[in-house]
Structure formats: C-alpha cells, structure tokens
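# Fold and contact review
The chain contents come next:
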Amino acid sequence: MSLDSPALAPNRGCRDTPVLKERGQREVFCGLTGIIWLHRKMQDAFFLVVGSRTCAHLLQSAAGVMIFAEPRFGTAILEEKDLAGLADANTELDREVARLLTRRPDIKQLFLVGSCPSEVIKLDLARAAERLSGLHAPHVRVYNYSGSGIETTFTQGEDACLAAMVPTLASTTARELLVVGALPDVVEDQCLSLLAQLGIGPVRMLPARRAADLPAVGANTVFALVQPFLGDTHAALIRRGARHLPAAFPFGEEGTTLWLWAVAQEFGISRAHFDAVTAAPRARAAKAVAAHAETLNGKSVFFFPDSQLEIPLARFLARECGMTPLEVGTPFLHAAITGPDLDLLPEGPVISEGQDVDRQLDRQRAAAPDLTVCGLGLANPLEAQGHTTKWAIELVFTPVHFYEQAGDLAALFSRPLRRKALLSKGVAA
Ligand code: SF4
C-alpha cells in the first residue's frame, strides 16, 4: 500500500456515488444498547434508564451474563401510575437516585438515559439532570441523553452520551489531541502507545476511564474520531472551537496507518520517523490479515445497516481482503466523517442509508452475496435460506481497531465462510 496511491483519487472512490435513501420498516437496536460497552469503559459512571420493562429486558438480554456482575446500569421502571400522570415522576426519580447514590458511593457520573416511554410522556430528564446535579454536587455529576428507539439507532447511543458530556467539559487553550470514541482498554493502550512513540501529545480520551480524567476542550484542541458514528459529538466539539482531523478509520493495516498519519502530519512528525515507528506493527497486521484474506479474496459481501461501521469495514474488506462489496447499508451517512473511507472504497457497490427491510431483502436475494453482514433478527432466517451471514453486533463488541486487532477483524468475516465450507465437506463425506 502507498499513501500517495492513485486509488486515493476521488473519481475512483464512492464519495460521489448517489446514495439510495430508504425509510421504512427497520431491523435495528435502539441506542440503549450503547450502555453495555459504555459502562465498562467509564469505571465510575452509572447509567440509569428511565423506561419500561421492555427497556429493562432489552438491557438484560443484550448484556448476557454481565447482569450477574453488579453492573453499573439499571432501569427506573415507569409504572402505570407514572404513565397515567398520577404520581410525580420527578419526585420518584429523585428518591430512586438518592437511594442509588447512597448504596453506591463509588459513582461519580450518573447518566439519566431517556427511552421511548419517557419521551412519549414528555418527562423532562434534561431538567431533572440539572436539578440532581445541583443536589449531589460536587460528588456526582448528572447528565442526560436519549437512547430511545424513536431518536437513536444502536451505536448512536454512544454518540448521544458523549455529545451530552461535551458542553460540560472544562475549557482550555492548550494544544492537545483528543481521541474520541469508546475503545476497549487494551486497544486504547495500544493507540496511546503508538501516539507516544510517534512523539504526539498530550493526548486525552473521550470518554475517559474516570471522571477525574475528563479532557478539557478549546480552540487549540484537535480531535480524531476512532468511531464513525459520532456525528453529534463531532458537532458539539466543533461548537466548543475544537478542530476535526478527517481520516480513514483505524480498521486494518491501511486504515490504522492512514489514521495515524493524519494525526502525525498535524503534529509535524517526519515521514521517516513515522515509518520507523509503524513498520513492525504494520508488517504484523498485514501478515495477520493475509492469513484470512485467502478465504475472503474474490468473495462478495452485502451489508445491512446496523452500526455505521459499515463503510469503513467495506473499505477494509475491499482493499485489504480482496472482497467485492455489493451493497453497503448504513443507518446514517455522515459525509464529513466517513468521506475519507468513501474515497478509498472502490466504485461499484450500492451505498444505502436508512432501511426498508423488505426491499433490502429483495436486493440481497437478487445480489446473492457470498457473505451477508446483518443483525441477529435477520441472520438465522437468512442462514436457513442458504446464505452465509456474519452477525454485525460482534463488530461492535469485539476489539477490532488498530494494528494488533487487524487479523481478528478479518477473522470475524472469514470464520462464517470457513465454517460453511467445513460443514458442507462434512455433509459430502
Ligand atoms: S428505548 Fe424504546 S426501543 Fe429501546 S427498549 Fe425501550 S421501548 Fe424499546
């Protein structure tokens, strides 16, 4: 791969491809699911969903065995008398919060997370957060965001959460790099180590592991996103005067190199030093990906919309694994954020935004892809029809960013194809 390759020319990519915009029946998660990875990342935060039993059930099933580990999330369930307006929901909320904070003095940040029911009855959680922040300051800061299915799709819950924090961050005039997006700790450590070896700093993270490490922001802050679904957070940071460094997302060897190089250039790092620092991990990543590209090369792939990771992942699969994307569906397309990935994605696939699931299933059937990336609701029915599928949710829960995870990322896509080949051999035997 070469950074100056003619393949970077926009006329060869998908930036100008007309986007098929669809609105209809959707098969996606609501933003509450973001709580599952956010509560693990922010070690002194608690996420209190103000919702119904449906919301509590969703969290329990999405969190799996984690619910037995005294997780830092829960649901304040709206009862019928709340919904009927017979009880003062705010008084009840204050009482629940006071009880929770007494029981869990380790909590420093409390998120009141809005849901469909709390939105429908127009419970003003923003005002409640302000009131409770006043009551519990300085020990606990209370925020509010919406994770409802009406307002948010899956990973957008993280975006809403981070965007809610941005206005409350302290101001600074320091020139700092802010890396934005929740990464598993092991991946975050690798990212910080690479940036330190390059001589880039100071580096801050949003979200931070603890409230005491929250970054400050101002006109000299430059920020790089590690997740493509952070449109509102991007806008909120720009409103605080910070400047975005657009870059391809750090998936695979190429994506990681381009992401790091965009940051390195901003901080005046020489190409020679950059190459010296990245040569060994790049070689490791390329080798690890190649082991899986053997299975993936020449195969076609179809993405249903799920997490907004679809465009960068299609770029990775096309350029590093030799796959042909036939359709790349995304819940939302944010050109300022995924533009560098669209530039690199070879011309050809349908780029679709939003969903009308029946029409998309018709297109998927007609395209007959070798691999279909979709949510759990579609995966088994499609398998039963003979399609090979990859559950999209794993791409969000598995460490997949940066060099050391490039092989694992490719493996997530090669595994279902290998399993299919093994099973069909078994049937033939
Ligand atoms: S927030 Fe809405 S979509 Fe999500 S679980 Fe609750 S009711 Fe369902």
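Everything numeric in this text was worked out from a predicted model, so none of it was measured.

Tallying secondary structure elements over the protein gives 17 helices and 14 strands in all. Its C-alpha atoms give the protein a radius of gyration of 22 Å, near enough to 22 Å, the size a compact globule of 429 residues would have. Burial analysis of the protein (429 residues in total) assigns 55% to the buried set. Intrachain contacts of the protein at a sequence separation of at least 6 include 76% that bridge at least 24 residues. Looking at the protein as shown, the accessible area adds up to about 17,900 Å², and 54% of this sits on carbon and sulfur atoms. Between the centroid of the 42 positive side chains of the protein and the centroid of its 47 negative side chains there is a distance of 3 Å.

With that settled, consider the side chain of H244. Structurally, H244 can be placed in strand β9 (residues 243-244). In this structure the side chain of H244 is engaged in a polar contact, spanning 3.2 Å, whose partner is the side chain of H234. In this view, H244 contacts F223, L225, H234 and A336; residues no more than four positions away in its chain are not counted.

Turning our eyes to something else, we now look at the site of the ligand. Taken together, C30, L32, C55, L58, S115, C116, P117, S148 and G149 form the complete shell of residues around the ligand. Looking at the shell around the ligand, its residues break down into six nonpolar, three polar and no charged.

This part takes up the packing of aromatic side chains. Taken as a whole and assessed by the stated rule, the structure comprises nine aromatic pairs. When the ring of F47 is compared with that of F111, the centres are 4.7 Å apart and the planes differ by 5°; the resulting orientation is stacked. You can see F47 sitting in strand β2 (residues 45-51) and its partner F111 sitting in strand β4 (residues 109-114), a full 64 residues away along the chain. Just as F47 is buried, F111 falls in that class too.

Another aspect to go through is the sheet that holds β9. Taken in spatial order, the four strands line up as β7-β6-β8-β9 in an open sheet, and their pairing is parallel. Every other strand in the sheet has two partners, leaving β7 (203-206) and β9 as the edge strands with one partner each. Pairing of strand β6 (residues 176-180) with β7 involves four bridges; the strand directions are parallel. Bridge assignment links V179 to a residue of β7, and that residue is M205. Its contacts with the sheet put helix α8 (residues 185-198) on β6 and β7, and the angle it makes with β7 is roughly 155°. Contacts between helix α10 (residues 252-266) and the sheet are confined to β6, β8 (221-225) and β9, with β8 contributing the most and set at about 170° to the helix.

About the cut-offs
- Note that residues are indexed from 1 along each chain, following the sequence as it is written.
- In keeping with the model being predicted, local features are shown solely for residues with a pLDDT of at least 70 and side-chain atom pairs are shown and tallied solely at 80 or more, while totals for entire chains, interfaces and linings include all residues.
- Each side-chain value is worked out from all heavy atoms of the structure, with water and hydrogens disregarded.
- Helical segments are the DSSP runs of H or I of at least four residues, strand segments are the runs of E of at least two, and each set is numbered from the N terminus.
- The quantity called the radius of gyration is restricted to C-alpha atoms. Its globule counterpart is 2.2 Å times the number of residues to the power 0.38.
- Categorising residues by exposure relies on relative accessible area from a 1.4 Å probe, with only protein chains included: less than 20% of the type maximum marks a residue as buried, more than 50% marks it as exposed, and the intermediate range marks it as partly exposed.
- Whether two residues are in contact is decided by their heavy atoms, any of which lying within 4.5 Å being enough.
- The accessible surface values rely on the Shrake-Rupley method and a 1.4 Å probe; as for residues, cover is taken only from the protein chains in view.
- Positive charge is attributed to Lys and Arg, negative charge to Asp and Glu, and no charge count is given to His or to the chain ends.
- Taken as the charge centre is NZ of Lys, CZ of Arg, CG of Asp or CD of Glu, depending on the residue.
- Nitrogen and oxygen atoms within 3.5 Å of one another constitute a polar contact, given that in protein one can donate a hydrogen and the other can accept it, and given that sequence-neighbouring residues count only through two side-chain atoms.
- The near set for a molecule or strand comprises every residue that places at least one heavy atom within 4 Å of it.
- Gly counts as polar in this scheme, as do all residues outside two lists: the nonpolar Ala, Val, Leu, Ile, Met, Phe, Trp, Tyr, Cys and Pro, and the charged Asp, Glu, Lys and Arg.
- Stacked, edge-to-face and tilted are the three classes for Phe, Tyr and Trp ring pairs, Trp counted by its six-membered ring, which pair at centre distances within 6.5 Å; planes under 30 degrees apart are stacked, over 60 edge-to-face, the rest tilted.
- One requirement defines pairing of two strands: DSSP has to find at least two bridges between them.
- The convention used is that axes are lines fitted to C-alpha atoms, helices contributing only their stretch in contact, and that angles between N-to-C directions extend from 0 to 180 degrees.

This is a description of form; function is not addressed.
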